[in-house]
Amino acid sequence: MATSSARVDLDGNTIKPFTICMIGAGGFIGSHLCEKLMSETPHTVLAVDVYNDKIKHLLEPDSLPWAGRIQFHRLNIKNDSRLEGLIKCSDLTVNLAAICTPADYNTRPLDTIYSNFIDALPVVKYCSENNKRLIHFSTCEVYGKTIGSYLPKDSPLRQDPAYYILKEDTSPCIFGSIEKQRWSYACAKQLIERLIYAEGAENGLEFTIVRPFNWIGPRMDFIPGIDGPSEGVPRVLACFSNNLLRREPLKLVDGGESQRTFVYIKDAIEAVLLMIENPGRANGHIFNVGNPNNEVTVRQLAEMMTKVNFLYSLVYAKVSGEDSIESPTIDVSSKEFYGEGYDDSDKRIPDMTIINKQLGWDPKTSLWDLLESTLTYQHRTYAEAVKQSIAKAVAN
Ligand SMILES: NC(=O)c1ccc[n+]([C@@H]2O[C@H](COP(=O)([O-])OP(=O)(O)OC[C@H]3O[C@@H](n4cnc5c(N)ncnc54)[C@H](O)[C@@H]3O)[C@@H](O)[C@H]2O)c1
Ligand SMILES: O=c1ccn([C@@H]2O[C@H](COP(=O)(O)OP(=O)(O)O[C@H]3OC[C@@H](O)[C@H](O)[C@H]3O)[C@@H](O)[C@H]2O)c(=O)[nH]1
C-alpha cells in the first residue's frame, strides 16, 4: 500500500509523485517493476506493451488500492503514432521493449536487430526532443566475452580479475565474428547505448542505461506448450523449470561450462526504483545490476535446480523419495540446441563500484534462496497444467 507520508530520496529530498511511460511493462521485469511502483510509491504508470497477461492482476479490479495510477496501452512501438504522445505526457520513460531470448538471436537476427536498435530510435528521439528523462534497458551481453577467454586455457592470468571483471567505464565489448549471429542482439544493444550516450553528450538528453546480469524469478518467459509455443526456447531458468516439471533430462549446451551470475528479480527491482527516484545520482550513468556472489556454471545451476526441485517434491508434492526421480542432465551441442551461428559469453561478473557509489545498492538474495522461491512459484503455477498436457499426449 503506498503510504501517504512523503517519501525522500537518497539525499533527503521529498519525492513528488510523477508519471512513468513504461514500454515493455507487460514483460518479466516490467511486471515486477509495475508491482513495486504500485505497492510502494505514489507514481503513475502508463504501461505500454502488446501483451498484458503478466500485469492483469494489477489492472483489475477497480477496487485495487492503486486503481487509476496504472493505465494499460496496448501498442506496438514499431508503428504506433500514440507513442510520442505517451512519452510527452510522462516525466520519465523506461524502455524495456526487446526481443531478448538467445534462441532468437541467430535464428531471427533481423527481427532481433530491428527490435533492439531500430525500434528504440523513436523512443530516444521523442525523449530528447521533449526533454524527457530516459531509463533504457541494455544488457550485460554488451560485454560479450571476457579478455581472459582469449588466454591459453592453462594461463594463470585467467584467475586475474583484470581479465574477467566487467566494468561499465573501462571494459571493452568483445563479440564473435559476423557469422556468429548470436551477437546480433548484443551489437544492437551496444549501438543504441552509443546513440543514447551521444544524445546525452550533444543534446543534453538525461539518460540512465541499465545492464542487467541475468535477473531471474517468477514470471520469467514461459513454459513451452503451456503459456508459450511448444517449440519455443525460453531462457535457461524456464528451460530447466520445464525439464524438471516434465521430468525430462536438463539439456546442457556444450556441456554447460559457461558461467553466469544470477540476481533475484526483487533485489534488482530495488536498484531500478533507486534510479527512478534519484535522477541526480542516476542521470548520465550506465549501471551493472547483478550479483557477483551468485556465480555458477550452467551445469552447477542445473544440479542446484534439480536439488531444490527434489526437496520441493518431497515437502510439498507429497511424494516419497523413491517416486520423485532426480532429473539427470544430458550434454547437447549448441548447433543442435540453437542452430548455426550460436556463440556464448564465457563469464559474467559485474563490477559493482559505480552502482554502490551512486545508489548504495547491493543484492541480498543467495542463488539457493532465489531458486527455492522461484521453483515454488513454477510448481504452483504450472505443475497441474503440465500433468494435464502429458496425460493428453499419452492419451493421443
Ligand atoms: N531478464 C534479464 O535477465 C535481462 C538481462 C539483460 C537484459 N535484459 C533487458 O531487459 C529488458 C526487459 O527484459 P525482460 O526479461 O523483461 O524481457 P521480456 O521479454 O519478458 O519483456 C519484454 C517486453 O517488451 C515487449 N515488447 C517487445 N517488443 C515490443 C514492441 N515493439 N512494442 C511493444 N512492446 C514490445 C514484449 O511484449 C515484452 O512484454 C529487455 O530490453 C532485455 O534486453 C533483461
Ligand atoms: O536449456 C538450456 C538453456 C540455456 N542453456 C545455457 O544457459 C546459458 C544461459 O542461457 P540463457 O538463455 O539464460 O541466456 P544468456 O544468459 O546467454 O543471455 C541472456 O541473458 C542476458 C539478457 O540479455 C538476455 O535475456 C539473454 O541474452 C547459456 O550458456 C545457454 O547456452 C543451457 O545449457 N540449456
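Along each chain, numbering runs from 1 in the same order as the chain's sequence is written. Labels are handed out in written order, letters beginning with A for the chains and numbers beginning with 1 for the ligands. Owing to the predicted nature of the model, reporting of local features is limited to residues with pLDDT of at least 70; listing and counting of side-chain atom pairs is limited to 80 or more, with chain, interface and lining totals taken over all residues. Calculation of side-chain values draws on the structure's entire complement of heavy atoms; hydrogens and water are dropped beforehand.

By the naming in an unreviewed UniProt entry, the protein chain goes by UDP-glucuronate decarboxylase and is assigned to Cynara cardunculus var. scolymus. UniProt positions are given in the numbering used here, feature names are shortened, and annotations may be inferred rather than shown by experiment. UniProt, in the comment section headed Cofactor (unreviewed entry), describes the protein chain in these words: "NAD(+)". The Sequence similarities (unreviewed entry) field of the UniProt record for the protein chain holds the comment "Belongs to the NAD(P)-dependent epimerase/dehydratase family."

K.L.:
Tell me about helix H7 (residues 184–203), and please be specific about residues and values.
P.N.:
Where helices and strands are cited, they refer to DSSP runs of H or I of at least four residues and of E of at least two residues respectively, numbered from the N terminus. Multiplying 1.5 Å by the residue count of a helix minus one yields the expected span of that helix. Its 20 residues give H7 an end-to-end C-alpha distance of 28 Å, which sits within 8% of 28 Å, the value for a rise of 1.5 Å per residue. Each residue is assigned to one of three classes by its accessible area relative to the maximum for its type, calculated with a 1.4 Å probe on protein chains only: buried under 20%, partly exposed between the two thresholds, exposed over 50%. All of the buried residues along H7 are Ser184, Tyr185, Ala186, Ala188, Lys189, Gln190, Ile192, Glu193, Ile196, Glu199 and Gly200. Where H7 is buried, its residues touch helix H4 (102–105), helix H5 (109–116), helix H6 (121–129), strand S7 (133–137), strand S9 (207–212) and strand S14 (285–289). Once H7 ends, the next one or two residues include Gly204, with phi positive near 75°. Residue contacts are defined here by distance: any two heavy atoms, one from each residue, within 4.5 Å place the two residues in contact.

K.L.:
Describe the site of ligand 1, listing the residues and the values that go with them.
P.N.:
Each residue is tested against the molecule or strand, and it is near if at least one of its non-hydrogen atoms lies within 4 Å. Taken together, 25 residues lie near ligand 1, and Phe28, Asp49, Tyr185, Lys189 and Trp215 sit nearest. Counted as a polar contact is a pair of N or O atoms within 3.5 Å, where, for protein atoms, one must be capable of donating a hydrogen and the other of accepting one, and residues adjacent in sequence contribute only when both atoms are in side chains. Take Ile29: an N or O atom from its main chain is 2.9 Å from an oxygen atom of ligand 1. Among the secondary structure elements, those contributing two or more residues to the shell around ligand 1 are helix H1 (28–40) and H7. Partitioning the shell around ligand 1 into residue classes produces 15 nonpolar, seven polar and three charged. Lys, Arg, Asp and Glu make up the charged group, whereas Ala, Val, Leu, Ile, Met, Phe, Trp, Tyr, Cys and Pro make up the nonpolar group; the residues left over, Gly among them, are polar.

K.L.:
Tell me about the pairing of S14, and please be specific about residues and values.
P.N.:
Extensive coverage of S14 is indicated by the burial of four of its five residues. Pairing between two strands requires that DSSP report at least two bridges joining them. In terms of strand pairing, S9 meets S14 through five bridges, oriented parallel. Bridge pairing in S14 places Arg211 opposite Asn288.

K.L.:
I'd like a rundown of the pattern of salt bridges, residues and numbers included.
P.N.:
By definition here, a salt bridge exists when the distance from a side-chain nitrogen of Lys or Arg to a carboxyl oxygen of Asp or Glu is within 4 Å. Under the defined criterion, the tally for this structure stands at 23 salt bridges. With its nearest N and O atoms 3.0 Å apart, the salt bridge here joins Glu35 to Arg219. Remark: Arg219 occurs in the loop between strand S10 (215–216) and helix H8 (236–245) and Glu35 occurs in helix H1; sequence separation between them is 184 residues. Between Arg211 and Glu193 there is a salt bridge; the shortest N-O distance is 2.6 Å. Separated by 18 residues along the polypeptide, Arg211 in strand S9 and Glu193 in helix H7 bring together distant segments of the chain. We note that Arg211, like Glu193, is buried.

K.L.:
Report on unusual backbone geometry, specifying residues and quantitative values.
P.N.:
For the peptide bond that leads from Glu60 to Pro61, omega is -5°, which places it in the cis range. Among the secondary structure elements, Pro61 is positioned in the loop between helix H2 (56–59) and strand S5 (70–74). In this model, Arg219 sits at a positive phi of 75°, which is unusual for a non-glycine residue. The phi dihedral of Arg247 falls on the positive side, at around 55°, and the residue is not glycine. With respect to the element layout, Arg247 can be found in the loop between H8 and strand S11 (250–253). Residue Arg247 is classed as partly exposed on the basis of its relative accessible area, which comes to 43%.

K.L.:
Outline the nonpolar core, listing residues and values.
P.N.:
Nonpolar side chains tend to gather and get buried jointly when the protein is soluble and globular. We define a nonpolar core as any set of buried Ala, Val, Leu, Ile, Met, Phe, Trp, Tyr and Cys residues linked to one another through side-chain atoms lying within 4.5 Å. Counting residues in hydrophobic clusters, the biggest one holds 63 residues, and the most contacted among them are Met22, Trp215, Met275, Val289 and Leu371. Not counting residues within four places of it along the chain, the set of residues in contact with Val289 comprises Val210, Arg211, Pro212, Phe213, Trp215, Val263, Ala268, Ala271, Met275, Ile355 and Trp361. Formed by 23 residues, the second largest nonpolar core is a distinct cluster that contains Cys21, Leu46, Tyr126 and Ile286.

K.L.:
For the environment of Val236, give the residues involved together with the corresponding values.
P.N.:
Along the chain, Val236 falls in helix H8. Other than its neighbours up to four places away in sequence, Val236 contacts Phe262, Val298 and Leu301.

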